[in-house]
Amino acid sequence: MTSTNPSKTIGIIGGGQLGQMMAISAIYMGHKVIALDPAADCPASRVAEMIEAPYDDVDALSQLAERCDVLTYEFENVDADGLDAVVSEGQLPQGTDLLRISQNRIFEKDFLANEAGVTVAPYRVIASAQDLDGLDFSKKYVLKTATGGYDGHGQVVIKGPEDLAEAKALAETTNCVLEEFVAFDLEISVLISGNGQEFTVFPVQENQHRNNILSKTIVPARISDALAQKAQEMAQKIAQQLHLAGTLCVELFVAGDEILVNEIAPRPHNSGHYSIEACNFSQFDTHILGVLGAPLPEIELLRPAVMLNVLGQDMAAAQAFCTQNPSAHLHLYGKLEAKDNRKMGHVTVLTDKPDSCNL
Ligand code: AMP
């Protein structure tokens, strides 16, 4: 009698907390995981075999590809050309097009506005400092570098002529995108997972930031059903256009009755960590199922939830919070040094009283 072994070897490029939580999902489904990361003691090293190498080391990527059935990435700044050079047909279900789109805000805006056909803030490409001449200062803007920006880095808010010099200095260094400033009521995000053919969408998440870093996620987002449905439909349009495999996060602004897409992340996202406890399947479970081309479950939110990020400076507060709230789920990623603003872990509380949960 023959039997088919369903266990696969999954290679994850990047061994941070997202790689670690993907690996945990994969492992309890019976798969083996190898993670590639320059740091031998990265979070994924606690649960996966490691290849210790820079992300753009083509020999190391090639070794990973040879040893794994399927490859995935935990963040978008992976060398797309290097990956294309080493993967075999079908081995990287997320593809490198999605990487290229999410690595460059010019491609990303063009894809969102013109290919996926979703609403984004009015924008234009800024190729030199002179392109900022003659701005209409009756509006405010955000200038963002096309590549390399994250958590508000590589951005200048232009509220008036007094901000022009700083903006021009940024525009002189690299190509940028100039967006109209959106006076949003709320920031939300929607996770969607695909298996190349069908999709499953998560409930809408409400996100609060501190110093441009995600601080708190509340689910379900406190918006009308009609707006929530609109946000989920936008995520579906994007996923369809991408033939999405794995999990993608769409970040959006809610401004009155309008919803605008801000950006996409081609992977599980910090705002989706609550799904580990609050949903029937987590964003990491559906990511693994999706990249393996398995059928996807319909997602149910089992309980309303709040996720609080634990940054380096929040470690003591998080311990105290969990001592006072024994039903809170504390996740620590195993990072050795608690630096300021470094994401050390998160806390999930299953509650419908989000305002009472704070670190
Ligand atoms: P991003 O790197 O594009 O996610 O931007 C970081 C943060 O800056 C967002 O979470 C928003 O709070 C803010 N932001 C970005 N773009 C805009 C915009 N066009 N209007 C207003 N706020 C923005």
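Residues numbered from 1 in each chain as written. Predicted model: local features only at pLDDT ≥ 70, side-chain atom pairs only at ≥ 80, totals over all residues. Heavy atoms only, no water.

Draft legend 1. How the structure looks around the environment of Val70. The residue Val70 is located in strand E4 (residues 70–73) in this model. Take Val70: its relative accessible area is 9%, and that puts it in the buried class. It is 9.9 Å that separates the C-alpha atoms of Val70 and Ile288, two residues lying 218 residues apart in sequence. Not counting chain neighbours up to four residues away, the residues in contact with Val70 comprise Thr9, Ile10, Gly11, Gln91, Pro93, Val291 and Leu292. (Helix = DSSP H or I, 4+ residues; strand = E, 2+ residues; numbered from the N terminus. Buried < 20%, exposed > 50% of the residue type's maximum accessible area, 1.4 Å probe, protein only. Contact = heavy atoms within 4.5 Å.)

Draft legend 2. Structural context of the site of the ligand. Lining the immediate surroundings of the ligand are 15 residues, of which Lys144, Glu179, Val182, Glu187 and Glu263 lie closest. Between the ligand and the protein, one listed contact pairs an oxygen atom with a side-chain N or O atom of Lys144 at 2.8 Å. Contact between the ligand and Glu180: a nitrogen atom at 3.0 Å from a main-chain N or O atom of the residue. Protein chains bury 91% of the 470 Å² of accessible surface belonging to the ligand in isolation. Secondary structure elements with two or more residues in the shell around the ligand: strand E6 (141–145), strand E8 (176–180) and strand E14 (258–265). Tallied by class, residues from the shell around the ligand come to five nonpolar, four polar and six charged. (Near = heavy atom within 4 Å. Polar contact = N/O pair within 3.5 Å; in protein donor to acceptor, adjacent residues only side chain to side chain. Areas by Shrake-Rupley, 256 points an atom, 1.4 Å probe, with all protein chains shown as cover. Nonpolar A, V, L, I, M, F, W, Y, C, P; charged D, E, K, R; others polar.)

Draft legend 3. Here's a closer look at the sheet that holds E6. Strand order in the open sheet formed by four strands is E5-E8-E6-E7, and the pairing between neighbours is antiparallel. Two strands bound the open sheet, and with one partner strand each, they are strand E5 (123–126) and strand E7 (155–158). Averaged over all pairs of adjacent strands, the angle between strand axes in this sheet comes to 20°, irrespective of strand direction. Both E6 and E8 contribute to a ladder of five bridges, which runs antiparallel. Its bridge partner lying in E8, Thr145 is registered against Cys176. Against the sheet, helix H6 (residues 164–173) makes contact with E5, E6, E7 and E8, and its axis sits at roughly 145° relative to E7, the strand it touches most. (Pairing = 2+ DSSP bridges. Axes fitted to C-alpha atoms, helices over the stretch in contact; angles between N-to-C directions.)

Draft legend 4. The arrangement of the packing of helix H1 (residues 17–28) against helix H9 (residues 283–291) in detail. Taken N-terminus to C-terminus, the directions of H1 and H9 make an angle of 70°; their axes are 8 Å apart at the nearest point. Comparing the axis directions of H1 and H9 gives the class roughly perpendicular. Taken as a pair, H1 and H9 cross one another with a handedness that is right-handed. Of the residues in H9, those touching H1 at Leu18, Met21, Met22, Ser25, Ala26 and Tyr28 are Phe284, Asp285, His287 and Ile288. Partitioning the contact of H1 with H9 into residue classes produces seven nonpolar, two polar and one charged. (Parallel < 35°, antiparallel > 145°, perpendicular 65-115°, else oblique. Left-handed = near helix turned anticlockwise from the far one by under 90°.)

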